[in-house]
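Below are the chains, spelled out letter by letter.
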Amino acid sequence: MPALEFEKPIVDLETRIDELKTYGSSSNVDMSEELALLEKRLERLRSETYEKLTRWQRVQLARAPGRPTAMDIIGRIFTDFQELHGDRAYGEDAAIVGGLARLEGQAVVLIGQQKGRDTKENIARNFGMAHPEGFRKAMRLMDMADKFGLPLITLVDTPGAYPGIAAEERGQAWLIAQSIQKMTRLRIPVISVIIGEGGSGGALAVAVGNRVLILENAVYSVISPESCAAIVWRDAKEAAKAAEALRLTARDLEQFGIVDEVIPEPKGGAHNDPVGSSEELKKALLHNLEQLRMLDKDALLDSRAERFRRLGVFEEI
Amino acid sequence: MTLERFFRRRPPQQKENTVNDDLPDLWSKCPKCNAQVYNKELEQNLRVCPKCGYHHRIPVKRRVEGLLDAGTFQVTSGRVKAKDPLEFVDTDTYVAKLERARKKTGRESAVYAGRGSLAGLPVVVCVMDFEFAGGSMGSTEGEEITRAIELATKEDRAMILVTASGGARMMEGALSLMQMAKTTFALEQLANKGLPYITVLADPTTGGVAASFAAIGDIVIGEPDALIGFAGQRVIEQTVRQSLPDGFQRSEFYEKKGFIDMVVDRRHHRETLANLIAALRNQPKPEVTALEIKVPEPPRTGIFGRRK
Ligand SMILES: [Zn+2]
């Protein structure tokens, strides 16, 4: 896994420790004292790096190659995933996956925004940026969940809805609006999890949940730091500054009530321990579903409406 | 993103449409047909160019005046004001930007709303003001729009929402984004009471505003030549690395693509909206006097052919 820029010192130290271990075992020289020292330093370096991540570093972690994608998470947490394709109107959009699955035996409907795990898959999945047909597919799956009274779980991970000519021609704005509207009408438990990048309207279109959860290193923003920097400083390279200003990390969002729960990730991000981080996410899904199970159909709808009614910071005059 | 560019531009530029310095307010030059137009005539014409039909931006108060029955409008917005939850600073503080927008418009947000009657029909009208921070939607705007919709729901009024906005306001981060969902929930309550919701998309209606309440009117009306869409044109050009076709993302374009019910000249909004609302509520056809248009209408250049 390629290290992120700010992780290079850690990787360098790890390499030196490995070298020393190899040398020690091949030369019969006792290096245990030196090794212990270096291991201690490595531990400290890790803590210093990962406990004081800047917002821009979080963005990089959220987008890190190798970070578990929606399909990875689906594979680890759910069983019997049956993917369903197509929007019944125009086409199939691989940037959004969806279907039926089971969570500890309970049937659920899943919708996930899917980035590629390599260049080839990224092209096929349009880097997780949906066209209108992707949102239409999501809406059809929402209807299905609603009809059969199945909980809906959405996994959010997109740089945003695709800003292309064809997407605009086919009504990108309308489909996002309709998808949001659809989610305001669902009389089922809906849990949305921001697993990586929550990019603006394209993310919100599938994130109007009774509960909105977020992985510790995921981000959720009204605009990408690069676009924000391009507007404000005329320079996308100022993205780090923009990321700070936008307050887009899990903890920031929790503060504003935009997310209900932050799911811890292993040090260095979910990609360092995909199994462990999936377990945490599974636990969170199960206990939130358990709580929502207490609510009847009307209460599910009303409490979702109340949740979003409260969002916003302003002053009464 | 037009709104941020607009935001940065301070102090406001000199009026470009001034004919000469001695007589600054008598005429304007139409940016589309270059005709010199009497400002007074332009105002009477709801700021539609009498020569070519170009729709200038119109102050929100004037728009409401042109729409509703005289003397019936009661403002209900203006009871909330913006804070700076992110302590947002870029080239300037958000607080300073807000202050300038307030000074410029005399209002606390980009939303102007209230109750009134349209050809005798009870309505709530909510208008977004591009003059206030490019009409961008932050928490305050979302709250004002939500309250306006709740008012219509409570008082059994039809809801008219006129949009003019670059989208969600960057300076309030994801809180702005949440307003898209908040307003949509309110619209569900309105719909549950069977009350009409009509949107009028003015120039520009883009980003998070286009992708939420603007797009989901029972009837969606576009103003002629208004820029509408999710992504900004510069972003699209950079993404697809080609220049955009003429008329792309304009009202007429979306009418042709099937996303807008009709493109209606601002001078016809009053009777169009009155007739639509009355029909949706199954009430008698209203007596409504259209704005007196003293000059011939412009040739229609929409997709349904040119008529001269
Ligand atoms: Zn003109």
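Residues numbered from 1 in each chain as written. Chains lettered and ligands numbered in written order. Predicted model: local features only at pLDDT ≥ 70, side-chain atom pairs only at ≥ 80, totals over all residues. Heavy atoms only, no water.

1. So, the overall build of chain B
For clarity, the threshold we go by: Runs of E in the DSSP output that reach at least two residues are strands. Runs of H or I that reach at least four are helices, and both are numbered from the N terminus. For the exposure calls, accessible area comes from a 1.4 Å probe over protein chains only, and a residue counts as buried if that area is under 20% of its type's maximum, exposed if over 50%, partly exposed in between. Contacts between residues were defined by any pair of non-hydrogen atoms, one from each residue, lying within 4.5 Å.
Across its full length, chain B carries ten helices and eleven strands. When each of the 308 residues of chain B is scored for burial, the buried share is 58%. Partitioning the contacts of chain B with sequence separation of at least 6, the portion at a separation of at least 24 is 68%.

2. Focus: the side chain of B:Arg102
In this structure, B:Arg102 sits in helix α4 (residues 94-105). Other than its neighbours up to four places away in sequence, B:Arg102 contacts B:Lys81, B:Ala82, B:Arg107, B:Glu108 and B:Phe132.

3. Describing the interface of chain B and chain A
Note the threshold: What counts as buried area is the accessible surface, traced by a 1.4 Å probe, that two parts surrender upon association, with contributions from both included. By convention in these notes, a salt bridge is any Lys or Arg side-chain nitrogen within 4 Å of a carboxyl oxygen on Asp or Glu. Pairs of N or O atoms within 3.5 Å make up the polar contacts considered here, provided that, within protein, one atom can donate a hydrogen while the other can accept it, and that residues adjacent in sequence are counted only when both atoms are side-chain atoms. Charged means Asp, Glu, Lys or Arg here, nonpolar means Ala, Val, Leu, Ile, Met, Phe, Trp, Tyr, Cys or Pro, and polar covers whatever is left, Gly included. Note: two strands are recorded as paired if DSSP finds a minimum of 2 bridges between them.
Contacts between the two partners involve 62 residues from chain B, matched on the other side by 51 residues from chain A. Taken over both partners, the interface formed by chain B and chain A buries close to 5100 Å², and the fraction arising from carbon and sulfur atoms is 70%. On the surface where chain B and chain A come into contact, there are four salt bridges. Where B:Glu188 meets A:Arg185, a salt bridge forms, and the shortest distance between an N and an O atom there is 2.8 Å. The tally of links between chain B and chain A comes to 17 residue pairs in polar contact (both at pLDDT 80 or more). Looking at the side of chain B that touches chain A, the elements with two or more residues in it are α1 (2-8), β4 (80-82), α5 (139-154), α6 (173-192), α7 (207-214), β10 (228-229), α8 (233-240) and α9 (251-257) of chain B. By residue number, the principal contributor to the side of chain B that touches chain A is α6(B), which donates 13 residues. Across the side of chain B that touches chain A, the residue classes break down as 32 nonpolar, 14 polar and 16 charged. Pairing geometry for strand β9 (residues 314-316) of chain A and β4(B), over three bridges, is antiparallel. In the sheet register, A:Phe314 faces β4(B), and the bridge partner there is B:Ala82.

4. Points about the pattern of salt bridges
The full count for this structure, using the stated rule, is 50 salt bridges over all chains. A:Glu244 is the partner of A:Arg55 in a salt bridge, and the nearest nitrogen-oxygen pair spans 2.8 Å. Here A:Arg55, found in helix α3 (residues 55-62), pairs with A:Glu244, found in helix α11 (residues 239-246); they are 189 residues apart in sequence, far enough to count as distant. A relative accessible area of 19% means that A:Arg55 is categorised as buried. One salt bridge connects B:Glu141 with B:Arg169, and the closest N-O pair in it is separated by 2.9 Å. In this pair, B:Glu141 is assigned in helix α5 and B:Arg169 in the loop between β7 (158-165) and α6, connecting sequence segments 28 residues apart. Taken as a pair, B:Glu141 and B:Arg169 share a single burial class, namely buried. A single salt-bridge network, built from bridges that share partners, covers A:Arg309, A:Glu316, B:Glu143, B:Arg147, B:Glu150 and B:Lys182.

5. Observations regarding the environment of A:Glu306
All names here are of chain A. With respect to the helices, strands and loops of the structure, Glu306 is situated in helix α14 (residues 297-309). The exposure class of Glu306 is partly exposed, given its relative accessible area of 49%. For the pair Glu306 and Val259, spaced 47 residues apart in sequence, the C-alpha to C-alpha distance is 14 Å.

6. Considering a positive patch on the surface
We apply this condition: Candidate patch residues must exceed 30% relative accessible area and have no salt bridge, after which like charges are joined if within 9 Å and Val, Leu, Ile, Met, Phe, Trp or Tyr side chains if within 5 Å. Methods summary: accessible areas were calculated by the Shrake-Rupley approach with a probe of 1.4 Å, and residue burial reflects only the protein chains presented. Counted as positive: Lys and Arg. Counted as negative: Asp and Glu, with His and the chain ends omitted from the count. By convention, charge coordinates are those of NZ in Lys, CZ in Arg, CG in Asp, or CD in Glu.
Residues A:Arg16, A:Lys40, A:Arg41 and A:Arg44 make up a contiguous surface patch of positive charge. By secondary structure assignment, the location of A:Arg44 is in helix α2 (residues 32-51).

7. Re helix α10 (residues 269-280) of chain B
Residue and element names in this part refer to chain B. Here is the rule we go by: The span one expects for a helix is its residue count, reduced by one, times 1.5 Å.
Between its terminal C-alpha atoms α10 stretches 16 Å, which fits the 16 Å expected from twelve residues at 1.5 Å a residue. Across the twelve residues that make up α10, a large majority, nine, are buried. Taken as a whole, α10 has its buried residues at His269, Arg270, Glu271, Thr272, Leu273, Ala274, Leu276, Ile277 and Ala278. Asn282 lies just past α10 and shows a positive phi near 50 degrees.

8. Here we look at the coordination of the zinc ion
Residues and elements named next belong to chain B. Put simply, the test is: Only nitrogen, oxygen and sulfur atoms qualify as donors, provided they sit within 2.8 Å of the metal or within 3.2 Å for Na, K and Ca; with water excluded from the atoms, sites may seem incomplete. Under the classification used here, a metal with four donors is tetrahedral if each angle lies between 85 and 135 degrees, square planar if opposite donors are over 155 degrees apart and the others between 65 and 115, a six-donor metal meeting that same test is octahedral, and anything else is irregular.
Protein coordination at the zinc ion comes from Cys30 (SG), Cys33 (SG), Cys49 (SG) and Cys52 (SG), with a distance range of 2.2 to 2.3 Å. The coordination sphere of the zinc ion comprises four donor atoms, whose angles at the metal cover 107 to 112 degrees; the geometry is tetrahedral. One chain supplies every donor for the zinc ion, spaced along it as C-x2-C-x15-C-x2-C. Residue class for Cys30 comes out buried when judged on its relative accessible area of 1%.

9. Re the packing of helix α10 (residues 225-232) of chain A against α11(A)
Residue and element names in this part refer to chain A. Short version of the rule: Helix axes use the C-alpha atoms of the stretch in contact, all axes being lines fitted to C-alpha atoms, and the angles between their N-to-C directions lie in the range 0 to 180 degrees. Should an angle fall under 35 degrees it is called roughly parallel, over 145 degrees roughly antiparallel, and 65 to 115 degrees roughly perpendicular, with every other angle called oblique.
Two numbers describe how α10 lies on α11: the axes approach to 8 Å, and their chain directions differ by 105 degrees. Taken together, the axis directions place α10 and α11 in an arrangement best described as roughly perpendicular. Note on element contacts: α11 touches α10 through Ala239, Ala242, Ala243 and Leu246, opposite Pro225, Glu226, Cys228 and Ala229. Residue composition of the contact of α10 with α11, by class: seven nonpolar, no polar and one charged.

10. Looking at the confidence of the model for chain B
Interpretation of the predicted coordinates at a detailed level should be avoided for regions scoring low in pLDDT. Residues and elements named next belong to chain B. Selection rule: Across the chain, each position has a pLDDT score giving the predictor's confidence in that residue, from 0 to 100.
Taken as a whole, chain B shows an average pLDDT of 89; of its residues, 86% reach a score of 70 or greater. Every residue in residues 6-15 is under pLDDT 50, and counting partners more than four places away or in other chains gives 16 contacts. Counting contacts from residues 304-308, a segment whose pLDDT is below 50, to residues more than four positions away or on other chains yields seven contacts. Here the predicted complex scores 0.92 on pTM and 0.95 on ipTM.

11. Examining the side chain of A:Gln57
Residue and element names in this part refer to chain A. Here Gln57 shows up in helix α3. The class for Gln57 is buried, based on a relative accessible area of 17%. In this structure Gln57 touches Phe6 and Lys52, once residues within four positions along its chain are discounted.

12. Some thoughts on the nonpolar core
Quick note on the threshold: Note on terminology: a nonpolar core comprises buried Ala, Val, Leu, Ile, Met, Phe, Trp, Tyr and Cys residues joined through side-chain atoms within 4.5 Å.
A:Phe78, A:Leu152, A:Tyr220, A:Leu285 and B:Met159 are the most contacted members of the largest nonpolar core, which has 143 residues in total. Beyond its immediate chain neighbours, meaning those up to four positions away, A:Tyr220 contacts A:Ile194, A:Gly198, A:Ala203, A:Leu204, A:Ala207, A:Leu248, A:Leu253, A:Ile258, B:Ala174, B:Leu177 and B:Met178. B:Leu118, B:Ile160, B:Val264 and B:Ile277 belong to the second largest nonpolar core, which has 27 residues in total.

13. Observations concerning helix α1 (residues 8-27) of chain A
Residue and element names in this part refer to chain A. The test is simple: This arc describes the spread of directions from the helix axis toward the C-beta atoms.
Helix length check: α1 (20 residues) gives 28 Å between terminal C-alpha atoms against 28 Å at 1.5 Å per residue, within 8%. The complete set of buried residues in α1 reads Ile10, Leu13, Ile17, Leu20 and Gly24. On an axial view of α1, the arc spanned by its buried residues comes to 85 degrees, and they lie on one face. In this structure, α1 carries Thr22 and Ser26 as exposed residues pointing more than 90 degrees from its buried face. Where the residues of α1 are buried, they touch α2. Positive phi shows up at Asn28, right after α1, with a value of about 60 degrees.

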